[in-house]
Amino acid sequence: MKNSVGEIRDALSAIKSTPIDEARVMPAGYYSSEQFAELEAEYVFRKDWVCLGRADEVAEPGDFYTTDLVGEQLLVTRGKDNAVRVLSNVCRHRGNMIAEGRGRKSRFSCAYHAWTYGLEGQLVGAPHMSKVKGFDTACYRLPTFKTEIWEGFLFVNLDGEAEALAPRISDVLPFIKNYDVAERVHGFTEQATWQTNWKCLAENFMEGYHLDVTHPKTLRPLTPTGLCEHVPSNGYFNAYYSYYDPKYPERGPFPPKLTDKEKRCSFMFGVFPNLVVAAAPGILIFLCLTPNTKDSVNIRWGMSALPQSEGITDEQREFMNQINAEDKSKLETLQKGLQSRYLDPGPLAKPDLEGTIYDMYQYMAKQLASDVDLG
Ligand code: FES
Ligand SMILES: [Fe+2]
């Protein structure tokens, strides 16, 4: 049978009191129900902190990009005051989208009737509107959403009600401090849409169980499944160490404070709900995931380099493209499987391999379990 929203929320309630080594995989509807996806959009993506990318993607005043967050059109700009803002990309006249793509501009002019906005969202011009009685440009700013920059990542909170982000994920800082995450320099960002539920990709990026089998030629020789070590979660992040095979040669340059242990592993971490990161000695890989439909995910992903390096090399980018292709093919067949009405899913693997999935279940349970009053 198709899972009802009630069943999915009950399964989330049950996971709250299930020990990590007894956890089972969530019912298929958790990943494939239209109604549950609507709850996620409303009570997770509109209410919590959502990562859009790296703050230095807009490095100079006038740099901008646009993105969609659960149907809300956003315009990310760096203003003349050097502040990064997330503005509504919706014209105050009749609601057309104002900007598209990315680039550098000194102002944004709506293509419909040319209402024109400054980098900080103020309306600076509106043709023929001075003839309208009482019209005042000062009354028509673009809404500005609440933002926080944490370790170089830009987060937005649409409803403006979320508690501060940094304190609740401070427990992850000791693990990443030597990797100089905030200092990494943006290399590139790409956008993609994969035909899989956003949580499938978040889980996949954060579990080491699939590495040997899904990535036999790329990651298995580098970060084999058997060398993964789970890091306990505080409910707002998940993490694991992905140690390098001892036979794999050491490759600098390294951040100056990196320990010998840290030179031999990637620290994989996720900030719930939607940011997943691989902090490797030489590169930083990030994926920002937002639901497109229940069966497809919008991805903004990219790489940042060490300030003392030459930037991202073609070889590093190609390696990641290959890994992404390997993951994409599995996640898209997974999503087809998750449409089944007959799936009775199995247990999670031991915490070092899939404990991060349990950690994400706990976060989702905190937002959407049946004992949570959604008001
Ligand atoms: S909708 Fe933008 S100027 Fe009319
Ligand atoms: Fe993978």
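Computed from a predicted structure; not experimentally measured.

1. Overview of the overall build of the protein chain
Thinking step 1. Assigned secondary structure in the protein chain consists of 9 helices and 17 strands.
Thinking step 2. At 22 Å, the protein chain has a C-alpha radius of gyration in line with the 21 Å of a compact globule built from 375 residues.
Thinking step 3. Referenced to the eigenvectors of the C-alpha coordinate spread, the extents of the protein chain come out at roughly 70 × 55 × 35 Å.
Thinking step 4. Taking all 375 residues of the protein chain together, the buried fraction comes to 43%.
Thinking step 5. Taking as baseline every contact in the protein chain between residues at least 6 positions apart, the subset at least 24 positions apart corresponds to 65%.

2. Things to note about the nonpolar core
When a protein is soluble and globular, its nonpolar side chains tend to lie buried together.
Thinking step 1. Ranked by size, the top nonpolar core spans 97 residues in total, and within it Cys-51, Phe-155, Leu-201, Val-277 and Ala-279 carry the most contacts.
Thinking step 2. At 9 residues, the largest contribution of residues to this core is made by helix H9 (residues 351–368).
Thinking step 3. For this core, the two domains that each supply at least three residues are domain 1 (5–46 + 167–368) and domain 2 (51–157).
Thinking step 4. Among residues more than four places away in sequence, those in contact with Val-277 are Phe-269, Leu-284, Ile-285 and Phe-286.

3. A closer look at helix H1 (residues 5–16)
Thinking step 1. Between the first and last C-alpha of H1 there are 17 Å, a value that for 12 residues agrees with the 16 Å anticipated at 1.5 Å per step.
Thinking step 2. Within the sequence span of H1, burial applies to Ile-8, Arg-9, Ala-11 and Leu-12. Projected down its long axis, H1 carries its buried residues within an arc of 150 degrees, all on one side.
Thinking step 3. Those residues of H1 that are buried lie in contact with helix H2 (29–32), helix H3 (34–45) and H9.

4. Points about the sheet that holds strand E11 (residues 185–194)
Thinking step 1. One open sheet holds the 7 strands; their spatial order is E11-E17-E16-E15-E14-E13-E12, and the pairing between them is antiparallel. Two strands in the sheet have a free side with no partner beyond their single neighbour: E11 and strand E12 (228–231). Strand-to-strand, the axes of this sheet are offset by a mean angle of 15 degrees, without reference to chain direction.
Thinking step 2. Two elements, strand E13 (residues 237–243) and strand E14 (residues 265–271), share 7 bridges in a ladder whose sense is antiparallel. For Tyr-243, the partnering residue across the bridge sits in E14 and is Cys-265.

5. Quick notes on the packing of helix H6 (residues 198–205) against helix H8 (residues 314–337)
Thinking step 1. Remark: H6 packs on H8, axes separated minimally by 10 Å, with the N-to-C direction vectors making an angle of 135 degrees. By the angle class used here, H6 and H8 are oblique. Like other packed secondary-structure pairs, H6 and H8 cross with a definite hand, here right-handed. Note on element contacts: H8 touches H6 through Asp-327, Leu-331, Leu-334 and Gln-335, opposite Cys-200, Leu-201 and Asn-204.

6. A word on the domain arrangement of the protein chain
Thinking step 1. Taken domain by domain, the protein chain holds domain 1 (5–46 + 167–368) and domain 2 (51–157).
Thinking step 2. Between the C-alpha centres of domain 1 and domain 2 the distance comes to 31 Å.
Thinking step 3. Domain 1 puts 21 residues into the contact, and the matching count from domain 2 is 14 residues.
Thinking step 4. Elements represented by at least two residues in the side of domain 1 that touches domain 2 include exactly H3, E11, strand E16 (283–293) and strand E17 (296–305).
Thinking step 5. Along the lines of polarity and charge, the residues of the side of domain 1 that touches domain 2 split into 11 nonpolar, 7 polar and 3 charged.

7. A look at the sheet that holds strand E3 (residues 72–78)
Thinking step 1. Sheet architecture is open: 7 strands sit in the order E1-E10-E9-E4-E3-E2-E5, paired in antiparallel fashion. Each having just a single partner strand, strand E1 (50–54) and strand E5 (102–104) make up the two edges of the open sheet. Neighbour-to-neighbour, the strand axes of this sheet turn through a mean angle of 30 degrees, independent of strand direction.
Thinking step 2. Relative to E3, strand E2 (residues 63–69) runs antiparallel, the two being bridged by 6 bridges. In the strand pairing of E3, Asp-68 is matched with Gln-73.

8. Focus: the pairing of E12
Thinking step 1. Two elements, E12 and E13, share 4 bridges in a ladder whose sense is antiparallel. The residue bridging Cys-228 from the neighbouring strand is Ser-242, located in E13.

9. Some details on the packing of H1 against H9
Thinking step 1. Where H1 contacts H9, the axes come no closer than 9 Å and their chain directions differ by 120 degrees. When the axis of H1 is compared with that of H9, the two are oblique. Where H1 crosses over H9, the two elements pack in a sense that is left-handed. The residues of H9 that touch H1, namely those facing Arg-9, Leu-12, Ser-13, Ile-15 and Lys-16, are Tyr-361, Gln-362, Met-364, Ala-365 and Leu-368.

The rules behind these values
- Residues numbered from 1 in each chain as written.
- Chains lettered and ligands numbered in written order.
- Predicted model: local features only at pLDDT ≥ 70, side-chain atom pairs only at ≥ 80, totals over all residues.
- Helix = DSSP H or I, 4+ residues; strand = E, 2+ residues; numbered from the N terminus.
- Rg over C-alpha atoms; globule rule 2.2 N^0.38 Å.
- Buried ≥ 20, exposed ≤ 12 C-beta atoms within 10 Å, placed from the backbone.
- Contact = placed C-beta atoms within 7 Å.
- Core = buried A, V, L, I, M, F, W, Y, C linked by C-beta atoms within 7 Å.
- Domains from an automatic or database assignment.
- Expected span 1.5 Å × (residues − 1).
- Arc of directions from axis to C-beta.
- Pairing = 2+ DSSP bridges.
- Axes fitted to C-alpha atoms, helices over the stretch in contact; angles between N-to-C directions.
- Parallel < 35°, antiparallel > 145°, perpendicular 65-115°, else oblique.
- Left-handed = near helix turned anticlockwise from the far one by under 90°.
- Nonpolar A, V, L, I, M, F, W, Y, C, P; charged D, E, K, R; others polar.

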